[in-house]
Structure formats: C-alpha cells, structure tokens
Amino acid sequence: MAPHLLSRSQGDFLLRGLTSDPPQRSDGRHLLGFRSLDIDTGVAAQANGSSRITLGGTEIFCGIKAEVRSFGDDSDDQDDEQAEFQTQDDQELACESRKTGRIKCSVDYSQSLVHSFDSKLLDTLSVSLSSMINSAFSPRSCPLPLHQLLIIANAKHWTIYIDLLVNSLSGGNLFDAAFAAVFGAFYDTRVPATRGVAFEAPAVLDELGNAVHGAFANSQGELDQMGIKGLLKKKPKANAAGTPGNRSGTASKVVDFELEHSGQDGASVEGRQDVPLCITVNILPHSYLLDANVDEEACIGSRIRVLATRSSKVLSVRTEGTEEISFKRVSEAIRIGSVQAARLADALLDQLKRCSGLDQEDQEVDVAAVESWALGKMDVDA
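Residues numbered from 1 in each chain as written. Predicted model: local features only at pLDDT ≥ 70, side-chain atom pairs only at ≥ 80, totals over all residues. Heavy atoms only, no water.

**Q** Please clarify how the overall build of the protein should be interpreted in this entry.
**A** Secondary structure summary: the protein contains nine helices and 16 strands in total. The buried share of the protein, taken over its 382 residues, is 46%. When contacts within the protein are restricted to residue pairs at least 6 apart in sequence, those whose partners lie at least 24 apart make up 75%. (Helix = DSSP H or I, 4+ residues; strand = E, 2+ residues; numbered from the N terminus. Buried < 20%, exposed > 50% of the residue type's maximum accessible area, 1.4 Å probe, protein only. Contact = heavy atoms within 4.5 Å.)

**Q** Teacher, can you tell me more about the pattern of salt bridges here?
**A** Side chains bearing opposite charge may pair, as long as their charged atoms lie close to each other. Scanning the entire structure with this criterion turns up twelve salt bridges. In this structure, arginine 25 and glutamate 296 form a salt bridge, with 2.8 Å as the shortest nitrogen-oxygen distance. Highlighted residues: arginine 25 in the loop between helix H1 (8–18) and strand S1 (37–41) and glutamate 296 in helix H7 (residues 294–299), separated in sequence by 271 residues. Judged by relative accessible area, which is 7%, arginine 25 ranks as buried. A relative accessible area of 3% places glutamate 296 in the buried class. For arginine 52, the salt bridge is made with aspartate 40, and the minimal N-O distance between the two is 2.5 Å. With arginine 52 in strand S2 (residues 49–55) and aspartate 40 in strand S1, this residue pair connects regions lying twelve residues apart in the sequence. Assessed through its relative accessible area of 14%, arginine 52 is described here as buried. Through salt bridges that share partners, Asp27, Arg29, Arg35 and Asp291 make up one connected network. (Salt bridge = Lys/Arg side-chain N within 4 Å of Asp/Glu carboxyl O.)

**Q** Teacher, can you tell me more about the packing of aromatic side chains here?
**A** For any pair of aromatic rings, geometry is given as the distance between the ring centres together with the angle between the planes. Scanning the entire structure with this criterion turns up one aromatic pair. Taking NZ or CZ as reference, arginine 272 lies 4.0 Å from the ring centre of tyrosine 187, over its face. Sitting over the ring of phenylalanine 175, arginine 305 keeps its end group 3.8 Å from the ring centre. (Phe/Tyr/Trp six-rings, centres within 6.5 Å; stacked < 30°, edge-to-face > 60°. Lys NZ or Arg CZ within 6 Å of the ring centre and 35° of its normal.)

**Q** Can you help me understand H1 in this one?
**A** Spacing of three or four residues puts side chains on the same side of an α-helix, whose turn is 3.6 residues. Restricting attention to buried positions, one finds in H1 the residues Gly11, Gly17 and Leu18. Looking straight down H1, one finds its buried side chains confined to an arc of 125°; they lie on one side. In H1, those exposed residues whose orientation departs by more than 90 degrees from the buried face are Arg8, Ser9, Phe13 and Arg16. Packed against the buried residues of H1 are strand S14 (288–290) and H7. (Arc of directions from axis to C-beta.)

**Q** How do you make sense of the pairing of strand S15 (residues 302–308) when you look at a structure like this?
**A** Looking along a regular strand, one sees side chains alternate from face to face of the sheet. For S15, the buried fraction is high: seven of the seven residues fall into the buried class. Burial of S15 is two-sided: the residues Ser302, Ile304, Val306 and Ala308 facing one way and the residues Arg303, Arg305 and Leu307 facing the other way are all buried. Strand direction decides the pairing type here: strand S13 (residues 277–283) and S15, joined by six bridges, are antiparallel. For valine 281, the partnering residue across the bridge sits in S15 and is isoleucine 304. Examined bridge by bridge, S15 and strand S16 (residues 314–321) share seven bridges and lie antiparallel to one another. By the bridge assignment, alanine 308 is partnered in S16 with valine 314. In sequence, S15 turns back onto S16 through a hairpin of five residues, with serine 312 there showing a positive phi of about 70°. (Pairing = 2+ DSSP bridges.)

**Q** Looking at this model, I keep getting lost on unusual backbone geometry. Mind explaining?
**A** Phi is mostly negative for residues that are not glycine, and the peptide bonds are mostly trans. The residue after aspartate 21, namely proline 22, is reached through a cis peptide bond having omega 0°. Mapped onto the fold, proline 22 is located in the loop between H1 and S1. Of note in the backbone geometry, asparagine 154 takes a positive phi value of approximately 65° without being a glycine. With a phi angle near 70°, serine 312 is a residue other than glycine that sits in the positive phi range.

**Q** I keep staring at the sheet that holds S14 and nothing clicks. Help me out?
**A** Strand pairing in a sheet relies on backbone hydrogen bonds. The paired strands run either parallel or antiparallel. Here four strands make up an open sheet; going across it, the order is S14-S13-S15-S16 and the pairing antiparallel. If you trace the sheet from one side to the other, it starts and ends with S14 and S16, each paired once. For this sheet, the mean inter-axis angle between neighbouring strands, taken without regard to orientation, is 25°. Contacts from helix H5 (residues 119–136) reach S13, S15 and S16, with the element oriented near 160° to S16. Contacts between helix H8 (residues 327–354) and the sheet are confined to S13, S14, S15 and S16, with S13 contributing the most and set at about 140° to the helix. (Axes fitted to C-alpha atoms, helices over the stretch in contact; angles between N-to-C directions.)

Dropping the structure here:
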C-alpha cells in the first residue's frame, strides 16, 4: 500500500515508461537499480545502538535499547505458559525460549507525517512493518543466536527493543529502508557484559560424589540460607547461566548478576552481519523493478517483499496487492530478492566498517557499487 496516490492518467503514463523498450524511469535508473544509501551510526547517545538511513527522500532513525527482563514478565511468555493446546514442537520451543533473550520492534512516525498522511494508512504500514520485523526476530526464525542475550537461565535475560522513527516518506520504499536502518543499528549495538553472582556453601558428598547435604542438596534446588559459606562475585562466565561449579565438597548456583561494563564497553552482537534485509520486488507485466519511488509505488499494483540474510537465506516472503501473481513469478522474485539482499548486506557492511571518521561525502554508499550488485546476473526471464 503506497502512501501516495496518482490520477489514472498519471499512473498509465508512468507504467508506459516502465514497460517500454528500453524501460524509462524518471531518475534514469535501470529497473533493478538502487538509489544511493546514506547511512550514519551512533546518532542516539542514550541508545545501545542507533542509525540513520536516507534513501532518496525517505529518512528513518533506528534506536536499539537493551533492558533486563525476567522470564514471565512479557505477555508472550505468559501466553506460552498458559496455552492449553500445544504441539510437541511448540512445547520444545517454549522450553528452549527460556534459555534465550528477546527482540521486539515498534514503529512510529514524525508529527509532520501524521499531519500529511491519512492516519489509517500510517497505522496499516506501521502494523505491517513491525509485524514483519518481529516475525523475523522471533525465537523460531531469528538468524541471530539469541542465547547470547541470556543472563541467568530461567530467570533473567536481555530484551532488545528496536524503535523505528520514520521521519520522511517522500522517497518511497519504506520497508527496504527500515530493514537497512535496523541492520546499521545492530552493527552499532553494544550489549553490556554481565557476570553471575553465586552463593557457595559446603556440601556432604556420598560415595559417588553427589551432594547429599548443603545449600543445594535438596530436591528443589533451593538455597539453604543457613549453609551459606561465601559470596562469589567473580564467577567464570561459563557458570553465568546457573551451571554448578566443579569444586569438590562445595555447591554453588548463580542467583543474581552484575554488570562488568556498560555502554560503549559492551560486547558487539554476535551474528550482526546476518541481520536480515528486505528487498521489495515490484511486479511489472514482463519484468521486475527494485527500489521504487513514491510515484512508482503508486502505479504498480503488486509487489513481493523478500526477507533474506547476507548468506542469501530466505526467511520470509510476503505478497502485497490485488493482482494475482503466478508461482513462476514468485519464484523469480524470491531469487532476485535473495541475491540483492546478500549484495546489499555486503555493501552496507563495507560502508559501516569504513564510515567512522570519514567525510560525509564518503559515508554515502557508492552508487557504482550499488549498481554493480543490482546488475548482477540472475538469469531472470524478461
């Protein structure tokens, strides 16, 4: 759904240009050409990671904040625990999810957009975009190892909140720009490092070396306050998830945590290069179009959004529009989207690695580089 409307004559005029031989776009690009991306990171001082993306006239800010949460605090956790009917896979996933963190997204718009566009249209775009991002980072499909967000097993974890602020939509292609902003923000994110705090108490061992008395010898694994020997503040990270220590004659269990570092001293997100990117493939009668501007979005009736990683792994495919799309064309669009997502990820990573300390002119993703990956061989029938 495009936030911009054209008259029928305007739409027909644009479509004739896009379907002519050779195709003609208003800015001179070829059908698979992307505009240059301007990307900045570290734009929000209070966030764990942030970025700003400008694609044509579309501008999006993305901030990432890590907060400590307890299992059961989130409505998703409560729904999982209260579900009466679950498949075995669902039960295993719910059990496994208590060993990982969470990633959640929300989308908001600037006041200028709220006054310029229909509120129902903005709400629809917001719900669709946030749903797509939340689905991509759910425990079932997230390409990032969520176990890195675990603080204490079955007790505490980091929840990563992704906040997107759409400042301008005048350039179109909201979804591709939004996922690029998320990609840049994750690259910039530092999660505070933690270490477990455990109590250690003496234990009486049987012939097999099992603890039969002491702080953690009871069947419930509860802490025997009378048996506390000492407080371990610098317990090895390997035990931060609650794994008992291996000292003979003692028993220990992580019951709390403390921060080792915070802010810029935290750890980068493992697997950040695999944050998925969205490629919107617009369907023309006999070809495909990428990175549509607002006018092109308004005159093209159907599109396919392909969510894929740098390794070309496709995470999801969503169709939009009223026109029927054949299976062959869907397959071709998926192939185009997965290839372009991988090439766009490489271009963004290269720019993010070099952008620190460079001039603003150099921070812009090189047009020739973007066109080179957009013109890659894909063997798509015209």
